[in-house]
Amino acid sequence: MEPTVEVLPDKAALVERATALVIEKIKGAISSRQQCHISLAGGSTPKPLYEALAKADLPWEQLYIYWGDERFVPADHADSNARMVRTAWLDHIPIPADNIFTVPTDVDSPVAAAAAYEQTLHQSFGGDSLPQFDIMLLGMGDDGHTASLFPHTAVLQEQTRWVSVGQKDDQPRITLTVPVINAARSVMFLVAGANKQTALSQVFATEGDADQYPSRRIQPADELIWLLDAAAAEGLNNVKS
């Protein structure tokens, strides 16, 4: 599947485009399947997207919310991805509490949290086939990581678990694995900032090291969209602006 790459003038334009696309895909999934399962990214880039979605008029009872990765911190911790999304979006819409599936970080260990979240996905999606999210939102770090799939970490090789433990330095992270991300109907990267140029050039290179730049591993069969701001995309060739 060849990716769709769009270059927007700045981060504000990127967020505006991402908001329109996400709303379009939520409505499309609900129209086709009566529900939409979306996996969210953490970090600073998608936060204004979530704030914009809080103002949208959507059938929230048909939307099901998950996270692509989470830090192993309490739910009210400043570093919690779930806390950020709740503050920016979920606390402002009438979505049923049962439709929100946060990573349980109040357990004994990151391994236990990953196992519990994998069980949640089995129950939510039903059966043992890979869960197929309608929308998979991702960011990318300046090291080429996405979700909590960091360079040269063991989780990059995981092929059987749906959720596992990633590692950033000495900080464990709970993360969806590459097969689950690649099973999504639509994978959407939001990438902003000049500090992403080197990693992007390696991710888009014809040949490259997917252990050094893990975002190269994201190659879904259905749809892959990269939304970049001009600062991040500088130096890339053959992209749409």
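Above this text you will find the structure in question.
Predicted, not measured: the structure shown is a model, and the values here were computed from it.

Draft legend 1. Highlighting the layout of surface pockets. Taken as a whole, the largest pocket encloses approximately 480 Å³ of empty space. Grouping the amino acids of the lining of the largest pocket by side-chain chemistry returns ten nonpolar, ten polar and six charged. A volume near 240 Å³ is recorded for the second largest pocket. Met1, Glu2, Pro3, Val203, Phe204, Ala205, Ser215, Arg216, Ile218, Gln219, Leu224 and Trp226 are the residues that line the second largest pocket. Of the residues belonging to the lining of the second largest pocket, the class tally is eight nonpolar, two polar and two charged.

Draft legend 2. Region of interest: helix 1 (residues 11–33). Given a rise of 1.5 Å per residue, 23 residues ought to cover 33 Å, and the 32 Å separating the end C-alpha atoms of helix 1 matches this to within 8%. Within helix 1, burial applies to Ala13, Leu14, Val15, Ala18, Thr19, Leu21, Val22, Lys25, Ile26, Ala29 and Ile30. The backbone nitrogen of Ala12 has a side-chain oxygen 3.3 Å away, supplied by the residue at the start of helix 1, namely Asp10. Looking at the residues trailing helix 1, positive phi occurs at Gln34, about 70 degrees.

Draft legend 3. Geometry of the side chain of Asp229. With respect to the element layout, Asp229 can be found in strand 9 (residues 223–229). Although Asp229 lies buried, it forms no salt bridge, and the closest oppositely charged side chain, Lys11, sits 7.8 Å away as judged by the N-O distance. A distance of 3.1 Å separates the side chain of Asp229 from the backbone nitrogen of Gly193, its partner in a polar contact. With sequence-adjacent residues up to four places away left out, Asp229 is seen in contact with Val7, Leu8, Asp10, Lys11, Leu14, Val191, Ala192 and Gly193.

Draft legend 4. Just the pattern of salt bridges, in detail. The full count for this structure, using the stated rule, is six salt bridges. Between Arg161 and Glu118 there is a salt bridge whose closest N-O contact spans 3.3 Å. Within this pair, whereas Arg161 is found in the loop between strand 5 (135–138) and strand 6 (163–168), its partner Glu118 is found in helix 4 (residues 110–125), the two being separated by 43 residues in sequence. Take Arg161: its relative accessible area is 39%, and that puts it in the partly exposed class. Exposure remark for Glu118: the relative accessible area of 6% places this residue in the buried category. Taken together, the shared-partner salt bridges connect Arg33, Asp134 and Arg185 into one network.

Draft legend 5. Here's a closer look at the pairing of strand 6. Here six bridges tie strand 6 to strand 7 (residues 171–176), and the two strands are oriented antiparallel to one another. The residue of strand 7 that forms the bridge with Val165 is Ile174.

Draft legend 6. Layout of the packing of aromatic side chains. This model, assessed by the stated rule, comprises eight aromatic pairs. Taken together, a centroid distance of 5.8 Å and an interplanar angle of 10 degrees make the contact between Tyr50 and Trp89 stacked. Separated by 39 residues along the polypeptide, Tyr50 in helix 2 (residues 47–53) and Trp89 in the loop between helix 3 (81–88) and helix 4 bring together distant segments of the chain. You can call Trp89 buried: its relative accessible area is 0%. Arranged with centres 3.8 Å apart and planes meeting at 0 degrees, the rings of Phe189 and Trp226 form a pair that is stacked. A residue pair is termed long-range when its members are at least 10 positions apart, and Phe189 in strand 8 (residues 186–191) and Trp226 in strand 9 qualify at 37 residues. Look at Phe189 and you get buried, because its relative accessible area is 0%. Linked through ring pairs, Tyr66, Phe101, Phe125 and Phe133 together constitute an aromatic cluster.

Draft legend 7. Molecular detail of unusual backbone geometry. A positive phi is found at Ala147, a non-glycine position, where the angle reads about 50 degrees. Mapping Ala147 onto the fold places it in the loop between strand 5 and strand 6. For Ala147, a relative accessible area of 13% translates into the label buried. For Asp169, which is not a glycine, the phi torsion comes out positive at approximately 55 degrees. With respect to the helices and strands, the residue Asp169 is situated in the loop between strand 6 and strand 7. The exposure class assigned to Asp169 is exposed, which follows from its relative accessible area of 67%.

The rules behind the values
- Residues numbered from 1 in each chain as written.
- Predicted model: local features only at pLDDT ≥ 70, side-chain atom pairs only at ≥ 80, totals over all residues.
- Heavy atoms only, no water.
- 1 Å grid on protein atoms, 1.4 Å probe; cavity = no way out; pocket = protein on both sides within 12 Å on 5 of 7 lines; lining within 4 Å.
- Points joined across faces, edges and corners; volume = space filled by probe spheres on them.
- Nonpolar A, V, L, I, M, F, W, Y, C, P; charged D, E, K, R; others polar.
- Helix = DSSP H or I, 4+ residues; strand = E, 2+ residues; numbered from the N terminus.
- Expected span 1.5 Å × (residues − 1).
- Buried < 20%, exposed > 50% of the residue type's maximum accessible area, 1.4 Å probe, protein only.
- Polar contact = N/O pair within 3.5 Å; in protein donor to acceptor, adjacent residues only side chain to side chain.
- Lys, Arg positive; Asp, Glu negative; His and termini not counted.
- Salt bridge = Lys/Arg side-chain N within 4 Å of Asp/Glu carboxyl O.
- Contact = heavy atoms within 4.5 Å.
- Pairing = 2+ DSSP bridges.
- Phe/Tyr/Trp six-rings, centres within 6.5 Å; stacked < 30°, edge-to-face > 60°.

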